[in-house]
Amino acid sequence: MEDRNEISVELSALSTLVSGIGRQTPYRVPDGYFARLPALLIGRIAGPAFQVPEGYFDQFATSVLVRIKAGAGASELTPSELTPSDDSPILRTISRKTPYYLPEGYFDEFSPVLTPAEG
Amino acid sequence: MGVTIQDTELLLQFRDPATREKAFTAIIRKYQEKLYWHIRRIVVEHEDANDVLQNVFIRVWNGLDNFREDSQLYTWLYRIATNECLSYLEQQKRKSSASLDEMESGLSNKVIADKYFDPNKLEWKLQLAIQQLPEKQRVVFTLRYYDEMPYEEMSRVLDTSEGALKASYHHAVKKIEDYILNR
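Every chain is numbered independently, its residues counted from 1 as its sequence is written. Numbering of ligands from 1 and lettering of chains from A proceed in the order in which they are written. Reporting in this predicted model follows two pLDDT cut-offs: at least 70 for local features of residues, and 80 or more for side-chain atom pairs to be given and counted; totals over whole chains, interfaces and linings ignore these cut-offs and use all residues.

Our next topic: the overall build of chain A. Within chain A, the regular secondary structure consists of six helices and zero strands. Starting at the N terminus, helices and strands are each numbered in turn, a helix being any DSSP run of H or I of at least four residues and a strand any DSSP run of E of at least two. Going residue by residue from the N terminus, the α and β elements of chain A occur as α-α-α-α-α-α. Between the buried cut of 20 or more and the exposed cut of 12 or fewer other C-beta atoms within 10 Å of a residue's own C-beta lies the partly exposed class, and all C-beta atoms are placed from the backbone. When burial is assessed residue by residue, chain A has 4% of its 119 residues classed as buried.

As structure tokens, then:
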């Protein structure tokens with residue numbers, strides 16, 4: 001295998017001009033780049049250090065609204081107690097009556113499917 | 001020629017899940033600067049060199065288990081780095097629909113745009129001259145001139161015969177000399 005001296009001799013024979021130029025590449029590197037790189041790469045490979053609980057984002061909006069309400073002096077509501085009309089001005093204006101048609105006397109004639117057990 | 005004793009130890013540690021990350025960190029620390037400068041001389045800008053270098057080490061992480069140790073680790077790393085550089089340049093060419101000449105002048109413009117560029121300094125003229133070389137010849141020149149890589153090793157990095165590499169390097173030096181003398 002060639003050594004460095006052989007490589008220098010070859011270059012001098014090819015061009016004294018090129019062999020006389022310094023081997024220092026004139027580009028500069030941002031300070032601390034090499035110190036930071038290993039950790040940065042490990043971070044990319046290992047993935048995020050923290051995991052988010054399952055379903056976290058599903059409840060997130062409701063949880064934030066609960067806290068906002070609590071902060072504004074409203075009663076502290078749990079997410080299950082919070083009804084849509086409490087956070088929607090439009091829903092507040094709509095009647096709670098179900099608009100579907102029900103035949104007259106339906107419940108008077110209603111027969112349960114299951115009968116109570118005797119005895 | 002196989003891996004050095006120290007690289008053998010690093011490879012063993014890498015293959016053990018308990019010490020894998022520690023070994024990988026050690027490999028990065030050992031080779032990052034050499035690989036960075038090899039890449040930087042080809043792509044010129046730091047941001048591009050950083051992107052390519054990170055891609056290289058990601059590939060190393062994913063491929064090191066399959067490294068056969070029939071060459072030095074250093075040679076294998078240089079091979080990945082060189083391929084990533086050439087792929088990167090090819091990608092840039094496709095993105096900008098640039099011709100080969102336009103790519104070369106683009107890289108020369110990046111050299112000139114460097115904050116510390118000094119047209120009166122030979123080291124900067126050399127960087128401009130390097131960008132005039134065809135891509136593979138650029139790699140041959142930088143590996144021999146800056147990394148002082150023997151032809152035998154370069155042949156494994158570039159998968160090219162030693163004779164072809166020697167001819168390429170000799171032509172590169174002459175072209176560089178002509179460029180500098182005539183600017």
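Now that the structure has been shown, the text picks up again.
Relative to the 34 Å expected for 24 residues at 1.5 Å per residue, helix H4 (residues 73-96) of chain B spans 35 Å between its end C-alpha atoms, a close match to the ideal helical length. Within H4 of chain B the residues assigned to the buried category are Leu73, Trp76, Leu77, Tyr78, Ala81, Thr82, Glu84 and Cys85 of chain B. Any helix carries an expected span of 1.5 Å times its number of residues minus one.

Attention now moves to unusual backbone geometry. All names here are of chain B. The backbone of Val44 shows a phi angle near 80°, a positive value even though the residue is not glycine. With respect to the helices and strands, the residue Val44 is situated in the loop between helix H2 (20-43) and helix H3 (46-63). Residue classification places Val44 among the buried residues on the basis of 21 C-beta atoms within 10 Å. With a phi angle near 55°, Asp159 is a residue other than glycine that sits in the positive phi range. Among the secondary structure elements, Asp159 is positioned in the loop between helix H8 (151-158) and helix H9 (162-181). For Asp159, a count of 10 C-beta atoms within 10 Å gives the class exposed.

It is worth spelling out the domain arrangement of chain B at this point. Residues and elements named next belong to chain B. The domain architecture assigned to chain B consists of domain 1 (1-97) and domain 2 (99-183). For the domain bounds, the source is a domain assignment made automatically or taken from a database. Computed over C-alpha atoms only, the centres of domain 1 and domain 2 are separated by 21 Å. Contact definition: two residues whose C-beta atoms, as placed from backbone geometry, lie within 7 Å. Taken together, the contact between domain 1 and domain 2 spans 15 residues of the former and 15 residues of the latter. Elements represented by at least two residues in the side of domain 1 that touches domain 2 include exactly H2 and H4. A per-element tally of the side of domain 1 that touches domain 2 places H4 first, with eight residues. When residues are grouped by polarity, Ala, Val, Leu, Ile, Met, Phe, Trp, Tyr, Cys and Pro land in nonpolar, Asp, Glu, Lys and Arg in charged, and all others, Gly among them, in polar. Among the residues making up the side of domain 1 that touches domain 2, the classes are represented as six nonpolar, five polar and four charged.

So, on to the nonpolar core. Residue and element names in this part refer to chain B. Structurally, a nonpolar core is described as a collection of buried Ala, Val, Leu, Ile, Met, Phe, Trp, Tyr and Cys residues joined by way of C-beta atoms within 7 Å. Within the largest apolar cluster, 49 residues are counted, with the highest numbers of intra-cluster contacts made by Leu35, Ile39, Leu53, Leu77, Val140 and Met154. Per-element accounting of this core gives the leading share, nine residues, to H2. Sequence-distant contacts of Ile39, that is, excluding residues within four places in its chain, are made with Ala49, Val52, Leu53, Ala81 and Cys85.

Below, the discussion takes up the packing of helix H7 (residues 135-145) of chain B against H8 of chain B. Think of two packed helices as two axes; the pair is described by the angle between the axes and how far apart they sit. All names here are of chain B. As a packed pair, H7 and H8 sit with axes 11 Å apart at the nearest point and diverge in direction by 140°. Comparing their axes, H8 and H7 come out oblique. Helix-helix and strand crossings are classified by hand; for H7 and H8 the assignment is right-handed. Along its contact with H7, which presents Val139, Val140, Leu143 and Arg144, the element H8 presents Met154, Val157 and Leu158. Residue classes in the contact of H7 with H8 are distributed as six nonpolar, no polar and one charged. Note on method: axes are straight lines fitted to C-alpha atoms, helices fitted across the in-contact stretch only, with angles between N-to-C directions ranging 0 to 180 degrees. Geometric relationships in this document are graded by angle, where less than 35 degrees denotes roughly parallel, more than 145 denotes roughly antiparallel, 65 to 115 denotes roughly perpendicular, and other angles denote oblique. A clockwise turn of the near helix away from the far one marks a right-handed crossing, whereas an anticlockwise turn of less than a right angle marks a left-handed crossing.

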